[in-house]
Amino acid sequence: MKPLLSPDYRPSDKETFMNPVQVEYFRQKLLAWKSELLRESGETLSHLQEESLSEPDLADRASLETDRSLELRTRDRERKLIQKIDEALGRIEDGSYGYCEETGEPISLKRLEARPIATLSLEAQERHERMERTHRDD
């Protein structure tokens, strides 16, 4: 059974890390985010179906095609984000949510609040980015 959350609940460092209430908070946060992305995606699809590329003016048609391309790229990024949300929900189910994949240490609540799909602690993420920059320059 999932714990009930009060509408004003926010995770705190004073609580046991990833206790059932915190886990439920992040689960609901992820589900709400996913729902919002899916709703926006549906709106985009209906908008694209309504739009016509048969604009007589070439400049108008080019502008419309550019807008459409940008919107599709945005939706593709959101599709990838939905996949990461699903992976985070999977980590909630298997009990590994909130812990760094690299070190096993807890990811700070501030980081999870800002990026609930985070898989690395801030320190591990910074190390990873430094390594990426170093190898990219080679």
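For the structure itself, consult the block above.
Summary of the structure given here.

What counts, and at which threshold
- Each chain carries its own residue numbering, running from 1 in the written order of its sequence.
- Given that the model is predicted, a residue must reach a pLDDT of at least 70 before its local features are reported, and side-chain atom pairs must reach 80 or more before they are shown or counted; all residues, however, enter totals for whole chains, interfaces and linings.
- Excluded from the side-chain calculations are hydrogens and water; all other atoms, namely the structure's heavy atoms, are used.
- Counting from the N terminus, the helices are DSSP H or I runs at least four residues long and the strands are E runs at least two residues long.
- Here the globule rule is a power law, 2.2 Å times the number of residues to the power 0.38, and the radius of gyration is based on C-alpha atoms.
- Throughout this description, buried means an accessible area under 20% of the type-specific maximum (1.4 Å probe, protein chains only), exposed means over 50%, and partly exposed covers the range between.
- Contacts between residues were defined by any pair of non-hydrogen atoms, one from each residue, lying within 4.5 Å.
- Computed with a 1.4 Å probe, the accessible areas rest on the Shrake-Rupley method; for each residue, only the protein chains presented here act as cover.
- Expected helix span is computed as 1.5 Å times (number of residues minus one).
- We define a polar contact as two N or O atoms separated by no more than 3.5 Å, with the added condition that, inside protein, one atom must be a possible hydrogen donor and the other a possible acceptor, whereas residues neighbouring each other in sequence contribute only through side-chain atom pairs.
- Nonpolar side chains (Val, Leu, Ile, Met, Phe, Trp, Tyr) within 5 Å and like charges within 9 Å form the patches, drawn only from residues with over 30% relative accessible area and no salt bridge.
- Salt bridges are counted wherever a side-chain nitrogen of Lys or Arg sits within 4 Å of a carboxyl oxygen of Asp or Glu.
- By the counting scheme adopted, Arg and Lys are positive, Glu and Asp are negative, and His together with the chain ends is not counted.
- For this purpose, a charge sits on NZ of Lys, CZ of Arg, CG of Asp or CD of Glu.

1. Side note on the overall build of the protein
Here is step 1 of the chain: What the protein contains, in helices and strands, is 4 helices and 0 strands.
Here is step 2 of the chain: Written out in order from the N terminus, the α and β elements of the protein read α-α-α-α.
Here is step 3 of the chain: Computed over C-alpha atoms, the radius of gyration of the protein comes to 20 Å, more than 25% over the 14 Å expected from 2.2 N^0.38 for 138 residues, which places it beyond the range of a compact globule.
Here is step 4 of the chain: Dimensions of the protein along its principal axes, counting C-alpha atoms only, are 65 × 50 × 25 Å.
Here is step 5 of the chain: For the protein, with 138 residues in total, the buried portion stands at 28%.
Here is step 6 of the chain: In the protein, once contacts between residues fewer than 6 apart in sequence are set aside, the share between residues at least 24 apart is 53%.
Here is step 7 of the chain: Summed over all atoms, the accessible surface of the protein reaches about 9600 Å², with 52% contributed by carbon and sulfur.

2. Quick word on the environment of Asp-13
Here is step 1 of the chain: Relative to the elements of secondary structure, Asp-13 occurs in the segment before α1 (20-50).
Here is step 2 of the chain: Accessibility expressed as a relative area gives 69% for Asp-13, which makes it exposed.
Here is step 3 of the chain: With 96 residues separating them in the primary sequence, Asp-13 and Leu-109 have C-alpha atoms 7.4 Å apart.

3. Focus: helix α2 (residues 58-94)
Here is step 1 of the chain: When the terminal C-alpha atoms of α2 are compared, their 54 Å separation across 37 residues agrees well with the 54 Å that a helix rising 1.5 Å per residue should span.
Here is step 2 of the chain: After α2 finishes, the residue Gly-95 shows a positive phi value of roughly 85°.

4. Description of the environment of Ser-12
Here is step 1 of the chain: Secondary-structure assignment places Ser-12 in the segment before α1.
Here is step 2 of the chain: Once residues within four sequence positions are removed from consideration, Ser-12 is found in contact with Gln-22 and Leu-109.
Here is step 3 of the chain: A distance of 2.9 Å separates the side chain of Ser-12 from the backbone nitrogen of Lys-14, its partner in a polar contact.

5. A closer look at unusual backbone geometry
Here is step 1 of the chain: Although it is not a glycine, Met-18 sits at a positive phi angle of roughly 55°.
Here is step 2 of the chain: Mapping Met-18 onto the fold places it in the segment before α1.

6. Quick notes on a negative patch on the surface
Here is step 1 of the chain: Residues Glu-123, Glu-126, Glu-129 and Glu-132 make up a contiguous surface patch of negative charge.
Here is step 2 of the chain: Its place among the elements puts Glu-123 in helix α4 (residues 122-136).

7. With respect to the pattern of salt bridges
Here is step 1 of the chain: As enumerated under the stated definition, the model contains 7 salt bridges in all.
Here is step 2 of the chain: Between Arg-75 and Glu-78 there is a salt bridge; the shortest N-O distance is 2.2 Å. Here Glu-78 and Arg-75 lie together in helix α2, a separation of 3 residues that amounts to about one turn.
Here is step 3 of the chain: Judged by its relative accessible area of 14%, Glu-78 is buried.
Here is step 4 of the chain: Across the pair Asp-76 and Arg-79 runs a salt bridge, and its minimum N-O distance is 2.6 Å. Pair noted here: Asp-76 and Arg-79 are both in helix α2, with a separation of 3 residues, about one helical turn.
Here is step 5 of the chain: In this structure Arg-79 comes out as partly exposed when scored by relative accessible area, which is 46%.

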